[in-house]
Amino acid sequence: MTPAEENAAREQAFRRLLRERFGVEGEADAPLPDDGVVVDRAHHVDLAKALHKAGWQLYVTCAATHFPAVPGKKPTDATTPECFEVATVLRTVGPGSHTARWRVKLAVGESLPTLVPVFVGADWQEREQFDLVGVHFEGHPDLRRLMMPEDWEGHPLRRDYAIDTPHAPWR
Amino acid sequence: MAVNESERSFQHPLYEVLERFPGLDLATTQVDKLLTWGANNSQWIFPMATSCCGIEFMAAAASLVDLDRMGSITRGTPRQSDVMVVAGTITVKMAPRVKRLWDQMPEPKWCIAMGSCAISGDFYRDIYSVIPGIDVAIPVDVYIPGCPPNPEQLMAGMLRLQEKVNLKRAGLWSPPETRPETPKTIEPAIKRLLHQGRDRRIDAAQIDQALSLELPVVDLPPLPEPAPEKGEDE
Amino acid sequence: MTAIARARAPRPDPFLDIDSYDPEADLMVMNLGPQHPSTHGVFRVLLYLDGEIIIKAVPYPGYLHRGVEKLCEKLTYAQITPIVDKNDYVAPMLNEQAVNMAFEKMLGVEVPPRALHMRTLLAEIQRVASHLLWLGTFAMDLGGALGGGTSVFMYCFREREAILDLFEKLTGCRFHYNTHTVGGQRHDIPAGWAAEVHRVLGAISDRIDEYEAMLSHPIFLKRTKGVGVIDAQLALELGLTGPLLRASGVDHDLRRDAPYHIYDQIKDLKVAVESDGDCLARYKVRVVELRESIRISRLLVDNVPEGPICGGRPIKQPGQFKAKAGQVYVGIETPRGELGTYLIAGGGKMGDTPYRLKIRPPSLHALAVVPYVFPGHSVSDAVAILGSLDPIMGEVDR
């Protein structure tokens, strides 16, 4: 099998897995949306486990994003509530390496089950996202700040955090 | 947070020995020259290398430029060093450590701010975690602009420092280095301390905190009155 | 994969409870860093020692957190390139390429063939410079007089200066080049540059033999062989990539496995794999990569295709591009592993700037291995392991 074919087969397997077991809408072989597929929060750990078993063995990254509340265009329109999104990326190793990524949407106050039992590399990544964005990871063995000092207030990568927040006495 | 320059002494045990013996004090000028010559040609460097400038510092210490020929060798401990070269961005988390290492260096000591991050924070200046220049924490003798400065520029900075040491030891006045500021078209969001347009409460809080840290702070200028806003007068 | 199926020793527990440890033991806590010559920057690790043996290591990164991701949210796509130069300051070319590839994928910009060829060439020459710097500092970590020590550092920096001169001729900068842009390159190859590249790289490839001879010293072997073994399973779960993963026996290289630029045209790309997973294996992998990168660069520099170096108008104005809402992930192979860029673009009014830019630094994953590998070693071995991981704190903390 050439690397390109290997990659295509992986993509096919990923689509089937998502559609048959994790409730993603669409035909089994139809292409996934360009901006990544959204998975329900309850399926997050199961999906990671299934992918790990099926050959996506390399933990690549996770990225949390903050979406502040957006008021409607007209006064009568409903406000879009504040929410968070956590994207996870895994990879297969060897020729034709395939990237699997999915997103989980979280409301304010909701926490995401941790991936540390599946991939130990999720430990620092989740700590970093907790530190900078403020997403809580449920069941994480050691959820502390990674980048900022322990006594820092706020989560800098939130959209409503001012970039030039002063910090006495140093700035 | 100004730092008192006059507190930085030049006491040396040799002076005390010389003072005890009558007649020997005649020789102090010669000994002074000897010490100055020694001080100038054995400036051991403590590299406070945090980021990119640290690599250029290593390049300066390596074979092509070779700082060793000026007698400047690199030491890993502050207790054996005379010059601290702050090479790289200093963050809020790192600044107390830099201050502590500076306090551990024996007098007389000198500081070189290498690169625009150490001088003013560069484009990280307005970011929540970066301090706007190392001179808010420790006094700086020589500024070397660049991002990062070439090894040759670091060498030129070392030569400038030697001139400064000469003048200082001879008891002569040396013009203070001016901090090279990047010309900015846009006013920075975070103003320097005691700037006219700054919130006075933040100034006061910062000065209070600085005093509680027992930094050598003396004679702060009085807080300037904020410019009266036109809208309120009418 | 046989390497993964291999039986592995029980992993040390990174969350070991010190209070429940043997109360009669000779316990001591030692703080290494953040200002320590062997930590390659500002990295702090708390070592719990039983006698001279580490039983637990707690790393504290973040002393160089400069908020690059926050800054990138405020800048337009064309303005970000010089900012990310400072992340991995040993291989700035690769940083520029990583973000610009993500932007090009998001904005749908075509890159002309000459620019792609130049990017591949620059990436490979930069890899040589980066591995040379690693070799010098690693030899110095192992001790001044041991196996060459400072001599290797001096020699490696001599060669690295020659490569920096090459880049200076091309871009005008020694260090932070700012030569890539969305859709191509800013600086074209000057006349006579190819001959210079041949001269410099030829000299370096001759001299690598000498360094290898210098470093095949019994003391060097003793300090690296069997020290800091990372098994393949742990490496994969932690997300180790690049030379660290290949030294653990996993045959994975993005240049060959997920080709970008013109790597798919290089048929006989040799990927170095070692199975031991110790410091010596990581050293061997990097030396083979050094030779391979020199070979590829000398191959590429002769047949750069003619044509424009930048698609369309040169990209100079901020706000020239507007992105639609979307998300992309792009990973490239840097000297330290997979440098990924996860880009979330906001549509509409927020189309000029990234909504969120997450940089996946390979060094952060490399340092996450510290709590698993340090226990069981002495402090001097810890320094050797840290050196062999080749962390760059600028990209760990960002």
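Since the structure is predicted, the reported quantities are computational estimates derived from the model, not experimental observations. Here the residue numbers are simple positions, counted from 1 along each chain's written sequence. Each chain gets a letter, beginning with A, and each ligand a number, beginning with 1, in the order they are written. Predicted model: local features are reported for residues with pLDDT of at least 70 only, side-chain atom pairs are reported and counted for 80 or more only, and whole-chain, interface and lining totals are derived from all residues. Heavy atoms throughout the structure, all of them, feed into the side-chain values; hydrogens and water do not.

Participant: Just to check I follow, could you spell out the overall build of chain C for this structure?
Facilitator: Only runs of H or I of at least four residues qualify as helices and only runs of E of at least two qualify as strands under DSSP, and these elements are numbered from the N terminus. Scanning chain C from N- to C-terminus turns up 16 helices and eight strands. The globule rule is 2.2 Å times the number of residues to the power 0.38, and the radius of gyration it is compared with is taken over C-alpha atoms. By the compact-globule yardstick of 21 Å for 398 residues, chain C fits well, its C-alpha radius of gyration being 22 Å. Projecting the C-alpha coordinates of chain C onto the three principal axes gives extents of approximately 70 × 50 × 40 Å. For every residue, the accessible area (1.4 Å probe, protein chains only) is compared with the maximum for its type, and the residue is labelled buried under 20%, exposed over 50%, or partly exposed between those bounds. Classification of the 398 residues of chain C by burial places 67% in the buried group. Long-range contacts, defined here as pairs at least 24 residues apart, represent 73% of the contacts in chain C between residues at least 6 apart. With an accessible surface of roughly 13000 Å², chain C has 54% of that area assigned to carbon and sulfur atoms. This count recognises Lys and Arg as positive and Asp and Glu as negative, with His and chain-terminal groups excluded. For this purpose, a charge sits on NZ of Lys, CZ of Arg, CG of Asp or CD of Glu. On chain C, the mean spot of the 44 positive side-chain charges and the mean spot of the 48 negative ones are 6 Å from each other. Working rule for contacts: check all heavy atoms of both residues, and any pair within 4.5 Å makes them a contact. Calculation of accessible area relied on Shrake-Rupley with a 1.4 Å probe; when residues are assessed, cover is drawn exclusively from the protein chains displayed.

Participant: Explain the domain arrangement of chain C here, please?
Facilitator: How large an interface is tends to be reported as the accessible area lost when its parts come together. All names here are of chain C. The split into domains, and so the bounds of each, comes from an automatic or database assignment of domains. Under the domain assignment, chain C is made up of domain 1 (3-60) and domain 2 (68-396). On a C-alpha basis, the centroid separation for the pair domain 1 and domain 2 is 29 Å. Buried area adds together the accessible area that both of two parts lose upon being put together, with accessible area traced by a 1.4 Å probe. Approximately 2300 Å² of surface area, both sides summed, lies buried where domain 1 meets domain 2, with 68% of it carried by carbon and sulfur atoms. When residues of domain 1 are sorted by the area they lose upon contact with domain 2, Arg11, His40 and Ile54 head the list and together hold 28% of the total. We define a salt bridge as a side-chain nitrogen of Lys or Arg found within 4 Å of a carboxyl oxygen belonging to Asp or Glu. If you look at where domain 1 meets domain 2, you find zero salt bridges. Nitrogen and oxygen atoms within 3.5 Å of one another constitute a polar contact, given that in protein one can donate a hydrogen and the other can accept it, and given that sequence-neighbouring residues count only through two side-chain atoms. Applying the counting criterion to the domain 1 and domain 2 interface returns two residue pairs in polar contact (both at pLDDT 80 or more). Only helix 1 (2-5), strand 2 (44-50) and strand 3 (53-60) provide two or more residues apiece to the side of domain 1 that touches domain 2.

Participant: What exactly am I supposed to notice about the sheet that holds strand 8 (residues 354-360) of chain C here?
Facilitator: Paired through backbone hydrogen bonds, the strands of a sheet run either parallel or antiparallel to each other. Residue and element names in this part refer to chain C. Whether two strands pair comes down to DSSP finding at least two bridges between them. If you trace the three strands from one edge of the open sheet to the other, you get 6-7-8, paired in antiparallel fashion. Bordering the open sheet on either side are strand 6 (326-334) and strand 8, each of which pairs with just one other strand. Averaged over all pairs of adjacent strands, the angle between strand axes in this sheet comes to 15°, irrespective of strand direction. With nine bridges joining them, strand 6 and strand 7 (residues 337-345) adopt antiparallel strand pairing. Its bridge partner being in strand 7, Gly326 is matched across the sheet by Ala345. Axes here mean lines fitted to C-alpha atoms, for a helix over just the part in contact, with angles spanning 0 to 180 degrees between N-to-C directions.

Participant: Any chance you could explain the packing of aromatic side chains here in plain terms?
Facilitator: Aromatic ring pairs are defined here through the distance separating the ring centres and the angle between the ring planes. Residue and element names in this part refer to chain C. Any two rings among Phe, Tyr and Trp, with Trp reduced to its six-membered ring, count as a pair given centres within 6.5 Å; such a pair is stacked if its planes are under 30 degrees apart, edge-to-face if over 60, and tilted if neither. This structure, assessed with the given rule, holds 15 aromatic pairs over all chains. Considering the side-chain rings of Tyr260 and Tyr263, the 5.1 Å spacing of their centres and the 75° angle between planes classify their relative orientation as edge-to-face. Across the pair, Tyr263 and Tyr260 agree in class, each one buried. Grouped by ring-pair contacts, the aromatic residues Trp134, Phe138, Phe220 and Tyr283 constitute a single cluster. Two limits define a charge over a ring: the Lys NZ or Arg CZ must be within 6 Å of the ring centre, and within 35 degrees of the ring normal. Cation over ring: Lys56 sits above Tyr48, and NZ or CZ is 5.4 Å from the ring centre.

Participant: Is there a simple way to explain the interface of chain A and chain B in this structure?
Facilitator: Listed per partner, the contact involves 16 residues of chain A and 22 residues of chain B. Carbon and sulfur atoms supply 71% of the area buried between chain A and chain B, which totals about 1700 Å² over both sides. Summed over the three residues of chain A that lose the most area to chain B, namely Pro169(A), Trp170(A) and Arg171(A), the buried surface amounts to 52% of that side. Across the contact surface, chain A and chain B share zero salt bridges. Where chain A touches chain B, the interface holds two residue pairs in polar contact (both at pLDDT 80 or more). Throughout, the ten residues Ala, Val, Leu, Ile, Met, Phe, Trp, Tyr, Cys and Pro are labelled nonpolar, Asp, Glu, Lys and Arg are labelled charged, and all others, Gly among them, are labelled polar. A per-class count over the side of chain A that touches chain B returns twelve nonpolar, two polar and two charged.

Participant: Would you mind showing me how to read the interface of chain A and chain C here?
Facilitator: Contacts between chain A and chain C engage 51 residues on the former and 53 residues on the latter. Both sides together, the interface formed by chain A and chain C hides about 4000 Å², and carbon and sulfur atoms give 60% of it. Together, Trp124(A), Met147(A) and Arg159(A) form the three largest contributors to the area buried by chain A at its contact with chain C, with a combined 18%. The tally of links between chain A and chain C comes to four salt bridges. We note a salt bridge from Arg159(A) to Glu73(C), for which the minimum N-O separation is 3.4 Å. Inspection of the chain A/chain C interface yields 22 residue pairs in polar contact (both at pLDDT 80 or more). When contributions to the side of chain A that touches chain C are tallied by element, the ones reaching two or more residues are strand 2 (58-67), strand 3 (83-91), strand 4 (99-107) and helix 3 (122-132) of chain A. Looking at the side of chain A that touches chain C element by element, the count peaks at ten residues for strand 2 of chain A.

Participant: Looking at this structure, how should I read a nonpolar patch on the surface?
Facilitator: A cluster of nonpolar side chains, Leu14(B), Val17(B) and Phe21(B), forms an exposed patch at the surface whose accessible area comes to about 240 Å². Within the secondary structure, Phe21(B) is located in the loop between helix 1 (13-20) and helix 2 (28-41). Residues qualify for a patch when their relative accessible area is over 30% and they have no salt bridge, like charges being joined within 9 Å and the nonpolar side chains of Val, Leu, Ile, Met, Phe, Trp and Tyr within 5 Å.

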